[in-house]
Amino acid sequence: MLQQREHRLTHDFGGYMRSLGMYPLELPNGWGPLFESKETAEVFGDQFHSVRAYFLAKGGRCAHDASRLGFQIGRLTHWLHLLYLFVEPVTSSSPRMGQAVLGARIYAPKDAHEINVFRIPPTNFKCGDLDVLVHSHERVAKWNKGLCLVLEYTTPLDPVLLRPVSETADTLLEFSKGVFEHCQALVNKNSAPNQT
């Protein structure tokens, strides 16, 4: 409605609403109703099948969220309680405000010795052809006071959805493996014996 008006006030108000994440998403390849349609969310949730197979083989515990827009991988290591994969229409906890994201959150036990290695400055890394932004956190999980959110990874969702549906599962697997390997590298780097 605001886009149909040429007045400066409606243009400025539209910009303000977009900055708050209040705008209609235009997701590509028929994924437009992803966050409103249960059927579309079901189709998206089915794309986690490669992620499930990969992490089950590593001994992880896997489960879909009821919404099918999130996927939980638990207890991969003693320091990784939960790797939580998700898609969100907008996230308030990262600088990628105003766009839908694919993300991952890493939860570790509050008393894990390795928790200090996740205190890193904001950084970017490439995961295949995705640009992934990493933010360090140290927030107690609302659902379990013994756990902390230590890292959050986000990448724009559009490049993921622009691919043919046949490639979406591979992209989700590549992203989840990249996130896990990044965490593992942080732990390994900081647990290696000091070399003099």
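Everything discussed here concerns the structure shown above.
So, a few notes on the structure that sits alongside this text. What you see is a predicted model, and the numbers here were worked out from it, not measured in a lab. (Residues numbered from 1 in each chain as written. Predicted model: local features only at pLDDT ≥ 70, side-chain atom pairs only at ≥ 80, totals over all residues. Heavy atoms only, no water.)

Attention now goes to the overall build of the protein. A tally of helices and strands in the protein yields 5 helices and 7 strands. Seen in sequence order, the protein has helices and strands lined up from the N terminus as α-α-α-β-β-β-β-β-β-β-α-α. Among the 196 residues that make up the protein, the fraction classed as buried is 48%. Sequence-distant contacts in the protein: of pairs separated by 6 or more residues, those separated by 24 or more amount to 56%. As presented, the protein carries roughly 10800 Å² of accessible surface, and 53% of it is formed by carbon and sulfur atoms. (Helix = DSSP H or I, 4+ residues; strand = E, 2+ residues; numbered from the N terminus. Buried < 20%, exposed > 50% of the residue type's maximum accessible area, 1.4 Å probe, protein only. Contact = heavy atoms within 4.5 Å. Areas by Shrake-Rupley, 256 points an atom, 1.4 Å probe, with all protein chains shown as cover.)

To continue, consider the packing of helix α3 (residues 49–57) against helix α5 (residues 165–191). For the pair α3 and α5, interaxial distance at closest approach is 7 Å and the crossing angle is 40°. As the angle between them shows, α3 and α5 are arranged oblique. Between α3 and α5, the residues in contact are His49, Ser50, Val51, Tyr54 and Phe55 and Ala169, Asp170, Leu172, Leu173, Ser176, Lys177 and Phe180, respectively. By residue class, the composition of the contact of α3 with α5 is 7 nonpolar, 3 polar and 2 charged. (Axes fitted to C-alpha atoms, helices over the stretch in contact; angles between N-to-C directions. Parallel < 35°, antiparallel > 145°, perpendicular 65-115°, else oblique. Nonpolar A, V, L, I, M, F, W, Y, C, P; charged D, E, K, R; others polar.)

Attention now goes to unusual backbone geometry. The backbone of asparagine 29 shows a phi angle near 60°, a positive value even though the residue is not glycine. Structurally, the position occupied by asparagine 29 is in the loop between α1 (8–19) and α2 (38–45).

Our focus in this paragraph is the sheet that holds strand β5 (residues 123–127). Each strand in a sheet pairs with another by means of backbone hydrogen bonds, the pair being arranged parallel or else antiparallel. Across the sheet, 7 strands lie side by side as β1-β2-β3-β4-β7-β6-β5; this open sheet has antiparallel pairing. Both edges of this open sheet fall to β1 (61–64) and β5, since each of them pairs with a single strand only. When the angles between neighbouring strand axes are averaged without regard to direction, this sheet yields 25°. Bridge count for β5 against strand β6 (residues 130–141) is 5 bridges, and the pairing is antiparallel. Opposite cysteine 127, over in β6, you have leucine 130 as the bridge partner. (Pairing = 2+ DSSP bridges.)

The analysis is restricted to geometry; functional conclusions fall outside its scope.
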